[in-house]
Each structure stands twice: as C-alpha cells, then as structure tokens.
Amino acid sequence: MKKISAYLPMLDWIRTYNRHQLGNDSLASLIVMVMLIPQSLAYALLAGLPPEMGLYASILPLIVYAIFGSSRTLSVGPVAIISLMTAAAVGKLALEGSADYMMAAITLAFVTGLMLLIFGILKLGFLANFLSHPVISGFITASAVIIALSQLPNLLGISARGHNLLEIVPALFNSLTAANSELNIISVMIGLGTLVYLVWARVGLVGLMRKLGTSAETAIICSRLSPILAVIVTTALAFWFDLGAAGLALVGHVPSGLPDFSLPRFSLDLWQSLLGSAALIATIAFVESVSVAQGLAAKRRQRIDPDQELIALGTANMSSAFSGGFPVAGGFSRSVVNFDAGAATPAAGVYAAILIGVATFLFLPALAYLPKATLAATIIVAVWSLIDVPILKKAWRFSAADFMAVSVTIVLTLFFGVETGVAAGLIVSVLMHLYKTSKPHVAIVGQVPGSEQFRNIDRHMVETHAHILSIRIDESLYFANTRYLEDLIYKLIAEQHELKHVILMCNAVNDIDLSALESLEAINERLREVDIKLHFSEIKGPVMDRLQNSNFLLKLTGQVYLSQYLAVKNLSAPQQ
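Residues numbered from 1 in each chain as written. Predicted model: local features only at pLDDT ≥ 70, side-chain atom pairs only at ≥ 80, totals over all residues. Heavy atoms only, no water.

Asks: Any chance you could explain the sheet that holds strand β8 (residues 560-561) here in plain terms?
Replies: Strand pairing in a sheet relies on backbone hydrogen bonds, with the paired strands running either antiparallel or parallel. Reading across the sheet, the 6 strands line up as β4-β3-β5-β6-β7-β8 and stay open at both edges, with mixed pairing between neighbours. Every other strand in the sheet has two partners, leaving β4 (454-456) and β8 as the edge strands with one partner each. In this sheet, strand β6 (residues 501-505) lies alongside strand β5 (residues 468-473) in parallel orientation, the contact comprising 5 bridges. Residue pairing for β6: S470 is matched across the bridge by I503. Of the strands in this sheet, β6 and β7 (533-537) are in contact with helix α23 (residues 514-529), which crosses β7 at around 135 degrees. (Pairing = 2+ DSSP bridges. Helix = DSSP H or I, 4+ residues; strand = E, 2+ residues; numbered from the N terminus. Contact = heavy atoms within 4.5 Å. Axes fitted to C-alpha atoms, helices over the stretch in contact; angles between N-to-C directions.)

Below, the structure is given as structure tokens:
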C-alpha cells in the first residue's frame with residue numbers, strides 16, 4: 001500500500017521542519033506577498049473580474065497547495081495566461097461585471113479543479129506530453145501579445161474590448177480616431193510613466209544596486225518587487241491630486257476582509273458550456289506549473305511528482321472556487337522570486353497567504369485610488385518576457401514540421417482567440433507526432449570492418465552480404481507506421497534477388513502494439529512464400545515478453561538473436 005505521505009507530501013517536510021527553515025520561509029513569504037498583491041489585482045481585472053477576486057484566489061489555494069503539492073517552491077495563484085483564458089471562457093456566457101459573470105468564473109475554477117483532480121487520481125499526467133514545447137511557446141507568445149494589446153485601453157484611458165487581434169485592433173483604432181475620443185492625458189502619463197519605470201527596474205535597477213554594493217540575488221529580488229513601489233506612488237498621486245475627478249480610471253471600492261465561503265453553480269447547462277474551456281485551462285495550468293516546478297526542483301536536486309501536482313492543482317482550484325476566486329496555476333515570476341528569496345518548504349506559501357489575509361483588512365480600502373493604468377502597465381511588463389520571437393527562427397532552421405506547428409498555433413491564437421489557439425496547438429502537436437512516427441527512420445546496416453558494430457550503409461564504410469538484409473528500426477512499432485515498414489521491406493526484397501535472410505535490428509524499438517504484431521505476422525508469411533527467413537536481433541526485454549505472450553515466435557521462420565553481430569555471424573556461415 002502506498003505511503004500516505006505520497007498523497008500528502010506535507011508530511012515529508014513538516015516532520016523535519018526547523019527554526020532555520022522557518023526564518024527562510026518567513027522572509028520569502030513577505031517578499032512573495034508584496035509581489036502577489038499587485039499581480040493578483042491586475043490579473044483579476046485582466047479576467048474581467050473585481051480586483052478583490054484576485055486576492056481571494058491567492059489565499060486558500062496557497063494553503064491547499066502546501067498540503068498536496070510536491071514542489072517546495074512553486075507559488076500558486078492567478079497568472080496572466082489563465083486569466084486571459086478565463087475572460088475568453090466566461091465572456092461568452094455572461095456580461096462582464098455582472099453577478100452571473102463572477103459566478104461563471106467561480107464555477108469555471110471548480111470544474112477546472114475537478115478535472116485536474118480526476119486526472120491526478122487516474123495518473124494521467126503523461127497526457128501533457130502530447131503538447132509539444134514549440135507549440136506551448138507559440139501559444140504563450142501569441143497570448144502575451146493579446147494580453148499586452150488588451151491592456152492598452154486601460155493604459156490610454158479609452159474604451160475598447162476584444163479577445164483577439166480581429167476584435168482588439170479595430171476597437172482601438174475606432175476609439176482613438178473617434179471625434180469624441182476618450183483619450184485621457186493623465187492616464188497616458190501615469191501608464192507610460194509606470195511602464196518606463198518597470199522596464200528600467202528590470203534592467204537598470206539591478207545594475208544600480210550592484211554598483212551600490214548589494215548582492216546579485218538582492219538586486220534581482222528588488223527589481224522583481226518594483227511593481228509594489230509603482231502601486232504605492234501612483235495610488236498616492238491619485239489620492240492627493242484627486243485624479244479620479246480628472247477622468248483617471250481608478251480601481252474603486254475594494255471590499256476589505258476575508259472572502260465569504262462560496263459554492264459553484266451546479267447547473268448542467270453551465271457546466272456543459274464551461275467543460276471545453278475548463279479542459280483547455282486545466283491543460284495549460286498543468287503544463288505551465290509543472291514546467292516551473294521541475295526547473296526549480298532541479299536546481300536543488302529535488303524532484304516533483306507530476307501526478308501529485310495534478311491533485312495539488314486540482315484541489316487548489318477547487319479551493320479558489322470555494323473562496324470566491326477564479327482558476328489558478330503555478331506562476332513563473334512568483335515562484336522564481338520565492339525560490340530566490342530562500343523559501344525552503346511550501347510553508348512559505350502558507351505564511352504568504354496569511355499575510356495577504358491580513359492585508360485584506362489593513363490596506364484594501366486604500367486601493368480604491370489605485371489607477372487602472374498602473375495595473376495595465378504592470379501586466380504589459382509581466383507578459384512581455386513571455387514573448388518568444390526566436391522560437392520561429394529556431395523552429396524554421398531545425399524542423400519544418402515544428403515550424404508549421406508553431407506558426408499555426410500563433411496565427412490561430414492571435415486571430416481567433418486563446419481557446420482556438422490552444423485547441424489547435426493540442427491537435428497540431430498530436431498530428432505532428434503521428435506524422436513523424438508514421439515514417440520512422442529505418443536504415444539498412446552493415447558491419448564496421450574489424451568490429452562488432454553495425455552502422456548505416458549510407459553513412460559508413462561497412463561490410464554487407466548479398467544474401468542477408470539487415471534493417472535497423474529506429475522507432476517503436478504501432479498502428480500508424482507498420483504499413484510503411486511493410487512497404488519498405490517488400491520493396492527491398494523485390495530489388496535483391498539473392499536474398500535469403502532479413503534481420504530486423506530492434507535495439508531502438510520500445511514497444512510493439514497489436515497492429516504492428518499483425519504486420520510482422522504478414523511480413524513473416526510473405527517472406528516464407530518467397531523462401532526468405534525473417535529474423536530479429538537485440539529485442540528489448542519488455543518487447544520480448546509481449547511477443548512471447550503471442551504465438552508469433554512459434555510461427556517465425558527464422559530466429560531471435562541476442563545481438564546483430566551474432567545474427568550476421570551465424571547466417572553468413574557456409575551452412576547457411
């Protein structure tokens with residue numbers, strides 16, 4: 001029976017928790033809290049939700065993840081891509097700002113969490129492998145562009161909405177060129193000023209602090225916390241000079257205190273409407289979170305359990321729904337800051353949640369004067385680093401198929417929205433995999449003189465025998481590629497009239513499915529009819545076990561050899 005700590009990773013680290021870890025976690029939690037508050041507010045607005053819902057989505061999920069998560073440093077909460085996907089999913093169902101809109105977002109978090117939880121229980125974490133990294137990069141790049149453009153209205157103080165380029169760009173153009181344009185100079189000054197400061201803080205501040213003698217780690221953390229200074233300064237300016245009266249869009253009243261317990265809406269129609277979006281959000285949330293968690297864990301020679309991460313993210317999203325939040329995931333920037341700040345255990349997330357809870361009582365009323373232009377600039381700078389333009393050049397130079405996959409994902413995301421983009425990315429990834437493996441690399445091999453090694457006859461000077469055809473298969477055999485192998489073998493035997501033996505070298509074959517087995521049976525029978533024997537060499541243990549469970553080896557005209565060298569040595573002897 002599996003140990004209970006495997007399902008509750010918290011039991012592993014809490015047993016040895018000490019004062020030193022407490023100090024590290026406390027410092028990290030303070031830094032993450034300072035960073036998380038402006039991010040949470042900004043991402044809630046990005047999702048089209050009241051800003052306090054961003055804070056609600058940052059409290060209970062952090063605590064729940066600390067219990068079930070296998071990563072020591074992942075920080076769970078609202079993230080840009082998931083917030084954009086939430087807006088796209090919920091925007092189709094209800095009017096932004098309405099009670100139905102908020103309830104739909106809460107229900108979306110619950111459905112997303114439930115799907116992740118079920119996937120984790122069924123150990124389906126491997127399914128994320130079907131979304132290739134180039135496709136993920138393409139999707140995130142296009143989404144970041146959409147997010148940045150969608151924040152320009154708040155930055156400029158105008159009204160323009162949309163979920164893709166076909167909607168956003170015309171809306172921006174019409175709003176800016178209208179006779180009664182709402183362009184607000186104060187909003188532009190606040191927004192651009194914040195934007196310039198945040199960009200400088202990411203580069204110039206680090207250099208400045210290094211010159212002043214601070215450590216590289218401290219300088220980087222201060223740079224990443226720069227948005228909180230922007231929030232404080234612009235909020236103070238808006239309050240002192242009453243900029244709201246001059247047309248500057250402000251966040252407005254934010255309810256103080258902890259969220260009330262909430263329940264998702266258990267409506268069959270609503271769930272059916274959200275199911276597809278929830279599946280896409282769950283996929284992206286899992287892939288993004290696991291990528292961050294694995295990268296950070298590797299730096300400390302730790303490991304994470306992808307299936308346990310599904311359970312942790314599932315319960316975190318469900319807890320977000322119960323506390324009035326929306327879908328969450330592991331955030332890259334927050335997790336890196338948490339790591340760099342020295343977080344030793346997930347307890348840092350619990351402390352951060354407690355601090356955010358305290359902040360909801362003490363500081364939320366002041367956020368009424370926070371300019372939306374400040375949050376827009378914060379979002380733009382945060383997502384700018386996600387834009388990976390070099391991926392197109394890299395994919396073009398490396399693989400035409402990968403370039404096509406990236407390009408399709410980017411174009412569809414930009415012009416038709418994030419849901420279409422990620423769905424297309426999933427489909428393209430699977431199709432690309434099927435296409436690549438449907439024509440496996442197969443090489444005719446010969447013996448390297450004076451050795452027991454066998455190499456491709458087109459790449460090396462090797463020895464071959466007229467009556468022996470040695471074929472190395474560099475791919476697992478399954479339903480999509482067995483027809484290709486059959487056709488190739490039949491073509492080769494038709495060209496070599498002295499042929500008596502065909503050896504399939506299987507050192508790279510990790511699996512053979514039933515369709516492949518039937519193809520091998522057909523090949524064996526076809527070769528028997530023309531008096532050619534079929535042999536195998538270097539079959540891996542699990543593949544051999546599977547073949548022995550069938551009657552194929554009993555009907556095999558040739559033999560199975562431990563090595564290719566033994567096969568050729570035996571079959572090239574005079575008696576053969």
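Asks: What's the story with the pairing of β7 in this structure? I'm lost.
Replies: The two faces of the sheet receive side chains in turn, since in a regular strand these alternate between them. Burial analysis of β7 places 4 of its 5 residues in the buried class, the great majority of the element. With 5 bridges joining them, β6 and β7 adopt parallel strand pairing. When the bridges of β7 are listed, I503 appears paired with H535. The β-α-β motif built from β6, the intervening α23 and the parallel element β7 has right-handed crossover chirality. As judged from the 2 bridges shared by β7 and β8, these two strands associate in the parallel manner. (Buried < 20%, exposed > 50% of the residue type's maximum accessible area, 1.4 Å probe, protein only. Right-handed = clockwise from strand over helix to strand, strands pointing away.)

Asks: Please clarify how a nonpolar patch on the surface should be interpreted in this entry.
Replies: Taken together, L229, I232, V233, L237, F239, W240, F241 and Y369 make up a surface patch of nonpolar side chains, about 850 Å² in accessible area. Residue position: F241 is located in the loop between α13 (226-240) and α14 (268-299). (Patch = residues over 30% accessible without salt bridge, like charges linked within 9 Å, V, L, I, M, F, W, Y side chains within 5 Å. Areas by Shrake-Rupley, 256 points an atom, 1.4 Å probe, with all protein chains shown as cover. Salt bridge = Lys/Arg side-chain N within 4 Å of Asp/Glu carboxyl O.)

Asks: When you look at helix α22 (residues 482-495) in this model, what are you seeing that I'm missing?
Replies: Residues spaced three or four apart along an α-helix face the same direction, because each turn holds 3.6 residues. Helix length check: α22, at 14 residues, gives a terminal C-alpha distance of 20 Å against a target of 20 Å (1.5 Å per residue), a fit within 8%. Looking at the buried residues of α22, the elements they touch are β3 (442-447), β5, β6 and α23. (Expected span 1.5 Å × (residues − 1).)

Asks: Is there a simple way to explain the packing of aromatic side chains in this structure?
Replies: The description of two aromatic rings rests on the distance between their centres and on the angle between their planes. All chains considered together, the criterion is met by 11 aromatic pairs. Between the aromatic rings of F239 and Y369, the centroid separation amounts to 5.0 Å while the plane-to-plane angle is 80 degrees, which identifies the pairing as edge-to-face. Placement of F239 in helix α13 and of Y369 in the loop between α17 (347-362) and α18 (372-384) is noted, with a sequence separation of 130 residues between them. Classification of F239 as partly exposed rests on a relative accessible area of 48%. Grouping aromatic residues by their ring pairs yields a cluster made of F110, F261, F266, W271 and F322. Positioned above the aromatic ring of Y490 is the side chain of R526, whose terminal nitrogen or guanidinium carbon lies 4.3 Å from the ring centre. (Phe/Tyr/Trp six-rings, centres within 6.5 Å; stacked < 30°, edge-to-face > 60°. Lys NZ or Arg CZ within 6 Å of the ring centre and 35° of its normal.)

Asks: Looking at this structure, I do not really get the pattern of salt bridges. What am I missing?
Replies: Pairs may arise between side chains of opposite charge once their charged atoms sit close together. Scanning the entire structure with this criterion turns up 9 salt bridges. E495 is paired through a salt bridge with K491; the nearest N and O atoms lie 3.0 Å apart. Of this pair, E495 and K491 both sit in helix α22, separated by 4 residues, roughly a single helical turn. Of the residues examined, E495 reaches a relative accessible area of 48% and is grouped as partly exposed. Take K491: its relative accessible area is 47%, and that puts it in the partly exposed class. Taking the shortest distance from any N to any O, the salt bridge between R528 and E525 comes out at 3.4 Å. In this pair, R528 and E525 both sit in helix α23, 3 residues apart, roughly one turn of the helix. By relative accessible area, R528 is classed as partly exposed at 41%.

Asks: Could you clarify how one ought to interpret α18 in this entry?
Replies: Between its first and last C-alpha atoms α18 spans 18 Å; for 13 residues at 1.5 Å apiece the expected length is 18 Å, and the two agree. For α18, the tally of buried residues reaches 11 of 13 residues, placing the bulk of the element in the interior. The inward-facing, buried residues of α18 contact α3 (19-46), α6 (80-91), α8 (133-150), α9 (152-156), α11 (185-211) and α13.

Asks: Help me understand the environment of E167, please; the structure alone is not making it clear to me.
Replies: Along the polypeptide, E167 turns up in helix α10 (residues 165-177). Each C-alpha atom of the pair E167 and H497 lies 65 Å from the other, and the pair is 330 residues apart in sequence.

Asks: Help me understand unusual backbone geometry in this model?
Replies: In terms of backbone geometry, most residues other than glycine have negative phi values and most peptide bonds are trans. For R301, which is not glycine, the phi dihedral falls at a positive 55 degrees. For R301, the location among the structural elements is in the loop between α14 and α15 (306-322).

Asks: What is the right way to look at the packing of helix α19 (residues 390-398) against helix α20 (residues 400-416) in this model?
Replies: What describes two packed helices is the angle between their axes and the distance between those same axes. Close contact between α19 and α20 brings their axes to 6 Å; oriented N to C, the two are set at 150 degrees. Between α19 and α20, the angle falls in the class roughly antiparallel. Crossing geometry of α19 relative to α20 is assigned as left-handed. Within the contact between the two elements, α19 uses I391, L392, A395, W396 and F398 and α20 uses A400, D402, F403, V406, S407 and I410. Within the contact of α19 with α20, the residues separate by chemical class into 9 nonpolar, 1 polar and 1 charged. (Parallel < 35°, antiparallel > 145°, perpendicular 65-115°, else oblique. Left-handed = near helix turned anticlockwise from the far one by under 90°. Nonpolar A, V, L, I, M, F, W, Y, C, P; charged D, E, K, R; others polar.)

Asks: Hey, could you run me through the packing of helix α7 (residues 99-121) against α15 in this one?
Replies: Their axes nearest at 7 Å, the elements α7 and α15 cross at an angle of 160 degrees. Relative to α15, the element α7 lies roughly antiparallel. Between α7 and α15 the crossing geometry is left-handed. Along its contact with α7, which presents I106, A109, F110, T112, G113, L114, L116, L117, F119, G120 and I121, the element α15 presents D307, L310, I311, L313, G314, T315, N317, M318, A321 and F322. For the contact of α7 with α15, the per-class residue count stands at 14 nonpolar, 6 polar and 1 charged.

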